[in-house]
Amino acid sequence: MLQTPRYTTGFATDEMLIGGTWRKPTATLDLIDPSDASDLARIARGQAQDIDAAVSAARAALDGTWGALTATERGRLLARLGARVAEKADWLAEMEARDVGKPLSQARADALALARYLEFYGGAADKVMGETIPYQQGYTVYTLREPHGVTGHIVPWNYPMQIIGRSVGAALAMGNACVLKPAEEACLTALAFARFANDVGFPAGALNVVPGLGAEAGAALSAHPDVDHLSFTGSVPVGTLVQTAAAQNIVPVTLELGGKSPQIVFEDADLDRAMPFLVNAGIQNAGQTCSAASRILVHTSRMAEVQAATTAAYQALRVGPARADLHVGPVISARQKEIIEGFLADAPETSVLARGEVVEDAPGSGHYVRPTLLGGLAPDHPLARDEIFGPVQVILPFETEEDAVRIANSTDYGLVAGLWTENGARQMRLAKRLRAGQVFVNNYGAGGGVELPFGGVGKSGHGREKGFEALYGFSQLKTVATHHG
Ligand code: NAD
């Protein structure tokens, strides 16, 4: 059996960063390693009073040193933080692999993505400009892009580093002071990130981190009357709660929620190019990816070919502990495994086309799920329509372009869509007709590009993070009209 050696982070994990000081909480939570369900670390179980202290510290930072920095100075701090993250990428990757169960190389890619977000937003901080507006005689009118103020960031466990990079990175670039509530299932890299921020010289209170339960620290942050903007990434039901709480305070919210994203393979698709994406985009991070391509729509003329190739790919998939760095690691928790297996229990036997294998020496206590490829289901079957958040993909046939668009757009979600066709006119047409925040043509995900605005429509949420667009989301526009005669 692959034994997991005892792991230590080298820093106190059961603390919260509030106003530049690490504080002990009144209660704690235990983190487990999903690869073998062993105890990993103890973290703070932040309470409403801790959130309150963090929001006050953030407010004080805006009125103090942090608020007085120039955009260039903020950018330099972010760049320094990015460089520190890049330097420590292997250390962060090991930590994330233990905490989330992510295969090591995927965790390393996340650490480098965090570094890249910080580099990007560091460089962008002093390039966000207002405008002058031609107006009536005797006036000069211009706009200012200003921070919201205190921003709350509620982050899930599946990509902690990437999500912190795109939301906290952009918010800090615009001069907001942040309160980050990482997920209770995985938050070690959030704590490491906060330590780095302190080390590289972020002023006290610019970034505050309060781990804890969603219903406690998360709910307290969403409802706090002195928070000016909320960024939430997670499930639809919790997104609904966060938006409802924000509405009580008339606070803007960015919601990055779930998905049931399609990849569409047309009769003229270049399958050699498509194949690596078709399966990988479904099983990456054990399918616990909001933008997972969990549906593969295939023109009937290519169905036999695609089915044969994807079946072979699934049969070759190996599942095991994160540090073994196989195709698929464990899912985050026993509960998540139960949810996925509950979905699979409803799959008719004939619909199972292929399954990957859990390696023999994987610890029996780990949360392993066999990746499963399904076919022969109607597009409105719950397995083809609902987000499973596990390594499960469904192949669906279509006859015409019209069919493909109808099926692709038939879920409540609209996060990402992929298109495999050599027909240029069709590429243009469908890019417009697909209901999604991002459309990829002859690729899927474009390598994750931090520069590319990301977000959903429908139940996938609203608002955009990533890219320059996030800087507009994390700021507000003020119009100044001067009458000088
Ligand atoms: P979740 O909604 O249960 O938890 C996400 C975060 O919300 C956690 O930090 C949690 O503590 C907090 N939370 C829970 N209850 C809360 C409450 N009552 N008030 C405030 N905060 C609360 O989601 P999850 O299971 O951790 O993540 C899976 C979901 O997230 C999936 O649906 C997935 O698609 C989605 N997701 C979306 C994106 C995206 O960018 N669109 C990225 C990652 C995950």
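Model, not experiment: these values are computed from the prediction. Per-chain numbering applies: the sequence of each chain, read as written, is numbered from 1 onward. Local features are withheld for residues below a pLDDT of 70 in this predicted model, meaning they are given only at 70 or higher, and side-chain atom pairs are given and counted only at 80 or more; totals for whole chains, interfaces and linings count all residues. Excluding hydrogens and water, the side-chain figures rest on all heavy atoms present in the structure.

1. Focus on the sheet that holds strand β13 (residues 295-299)
Next, step 1: Note on pairing: DSSP must find at least two bridges between two strands before they are called paired. For helices the rule is a DSSP run of H or I covering at least 4 residues; for strands it is a run of E covering at least 2, with both sets numbered from the N terminus onward. With mixed pairing, seven strands are arranged side by side in an open sheet as β15-β17-β18-β13-β12-β19-β20. Here the strands that pair on one side only, and so sit at the sheet edges, are β15 (352-355) and β20 (438-441). Adjacent strand axes in the sheet meet at a mean angle of 20° when their direction is disregarded.
Next, step 2: One ladder, built from three bridges, connects β15 with strand β17 (residues 372-375); its direction is antiparallel. Residue pairing in the sheet places Ala354 in a bridge with Leu373 of β17.
Next, step 3: Any two residues having at least one pair of non-hydrogen atoms within 4.5 Å are treated as being in contact. For helices, the axis comes from a line fit to the C-alpha atoms of the stretch in contact; other axes are also lines fit to C-alpha atoms, and the angle between any two N-to-C directions lies between 0 and 180 degrees. Across the sheet, helix α10 (residues 271-283) touches β12 (262-265), β13, β18 (392-398) and β19 (416-420), and the angle it forms with β12 is around 160°.

2. Topic: the packing of aromatic side chains
Next, step 1: Pairing of aromatic rings covers Phe, Tyr and Trp, the last counted by its six-membered ring, and requires centre-to-centre distances within 6.5 Å; plane angles under 30 degrees mean stacked, over 60 mean edge-to-face, and any other angle means tilted. A full pass over the atoms with the stated rule returns 11 aromatic pairs.
Next, step 2: Geometrically, the ring pair formed by Tyr135 and Tyr139 is edge-to-face, given 5.2 Å between the ring centres and 75° between the ring planes.
Next, step 3: Put simply, the rings of Phe11, Trp91 and Phe196 touch in pairs and so form one group of aromatic residues.
Next, step 4: Over the ring of Trp91 we find Lys88, and its NZ or CZ is 5.4 Å from the ring centre.
Next, step 5: For a ring to carry a charge above it, either NZ of a lysine or CZ of an arginine must fall within 6 Å of the ring centroid while also lying within 35 degrees of the normal to the ring plane. If you follow Lys466 out to its NZ or CZ, it ends over the ring of Phe454, 5.5 Å from the centre.

3. Comments concerning the packing of α10 against helix α11 (residues 303-315)
Next, step 1: Where α10 meets α11, the axes come as close as 10 Å, and the angle between the chain directions of the two elements is 50°. Between α10 and α11, the angle is such that the two are oblique. By crossing handedness, the relation of α10 to α11 is classed as right-handed. Contacts from Leu271, Met275, Leu278, Val279 and Ile283 of α10 reach α11 at Glu305, Val306, Ala309, Thr310, Ala313 and Tyr314.
Next, step 2: Class assignment of the residues belonging to the contact of α10 with α11 gives a composition of nine nonpolar, one polar and one charged. Comment on the angle field: the value is read as roughly parallel under 35 degrees, roughly antiparallel over 145, roughly perpendicular from 65 to 115, and oblique elsewhere. Throughout, a crossing is termed right-handed when the near helix is turned clockwise from the far one, and left-handed when it is turned anticlockwise from it by less than a right angle. As a working rule, the residues Ala, Val, Leu, Ile, Met, Phe, Trp, Tyr, Cys and Pro are called nonpolar, Asp, Glu, Lys and Arg charged, and the rest polar, with Gly in that last group.

4. As for unusual backbone geometry
Next, step 1: With phi around 50°, Ile250 is a residue other than glycine that occupies positive phi space.
Next, step 2: One can find Ile250 in the loop between α9 (236-248) and β11 (253-256).
Next, step 3: Its identity is not glycine, yet Ala446 carries a phi of approximately 50°, on the positive side.
Next, step 4: Mapped onto the elements of the fold, Ala446 is located in the loop between β20 and β21 (461-462).

5. Examining the layout of surface pockets
Next, step 1: Its volume calculated, the largest pocket comes out at about 930 Å³.
Next, step 2: Here a cavity means grid points, on a 1 Å grid over the protein atoms only, where a 1.4 Å probe fits yet cannot get out; a pocket means an open set of points with protein on both sides within 12 Å along at least five of seven lines; lining residues are those with an atom within 4 Å of a point. Forming the boundary of the largest pocket are 40 residues, of which Trp157, Phe232, Gly234, Ser235 and Val238 lie nearest the centre.
Next, step 3: Those elements that place two or more of their residues in the lining of the largest pocket are α6 (160-173), α8 (214-223), β10 (229-233), α9 and α12 (334-345).
Next, step 4: Ranked by the residues each element gives to the lining of the largest pocket, the list is headed by α9, at six residues. Grid points are joined across faces, edges and corners, and a volume is the space filled by probe spheres set on the points.

6. Quick look at the pairing of β19
Two faces belong to every sheet, and in a regular strand the side chains alternate between them.
Next, step 1: Within β19, five of the five residues are buried, which leaves the element mostly enclosed by the surrounding structure.
Next, step 2: The side-chain alternation of β19 yields two buried faces, one formed by Val416, Gly418 and Trp420 and the other by Ala417 and Leu419.
Next, step 3: With three bridges connecting them, β12 and β19 associate as parallel partners. Its bridge partner being in β19, Ile264 is matched across the sheet by Leu419.
Next, step 4: If you view a crossover with the strands going away from you and the path from the first strand over the helix to the second runs clockwise, you call it right-handed. Each parallel crossover has a hand, and for β19 linked through helix α15 (residues 424-433) to β20 it is right-handed. Partly exposed residues are those whose accessible area sits between 20% and 50% of the maximum for their type, while under 20% is buried and over 50% is exposed, using a 1.4 Å probe and protein chains only.

7. Here we look at the sheet that holds strand β5 (residues 132-133)
Next, step 1: Spatially, β5-β6-β22 is the arrangement adopted by the three strands of the open sheet, whose pairing is antiparallel. Unpaired on one side and paired on the other, β5 and β22 (475-483) mark the two borders of the sheet.
Next, step 2: When β5 meets strand β6 (residues 139-147), the two strands line up antiparallel, connected through two bridges. Along β6, the bridge assignment pairs Ile133 with Val141.

8. Things to note about α11
Next, step 1: By definition here, a helix of n residues has an expected span of 1.5 Å times n minus one. Compared with the 18 Å implied by 1.5 Å per residue over 13 residues, the 18 Å span of α11 between its first and last C-alpha is a close match.
Next, step 2: Turning to α11, its buried residues are Met303, Val306, Thr310, Thr311 and Tyr314. Relative to the axis of α11, the buried residues are bounded by an arc of 125° and lie together on one face.
Next, step 3: The inward-facing, buried residues of α11 contact β12, α10, β13, β15, β17 and β18. Of all possible arcs, the one meant is that of the directions from the helix axis to the C-beta atoms.

9. Here's the deal with α6
Next, step 1: In this model, α6 (14 residues) spans 19 Å end to end at C-alpha, consistent with the 20 Å of a helix rising 1.5 Å per residue.
Next, step 2: Of all 14 residues that make up α6, 14 are buried, and the element is covered over most of its length.
Next, step 3: Positive backbone phi, at 95°, marks Gly175, one or two positions downstream of α6.

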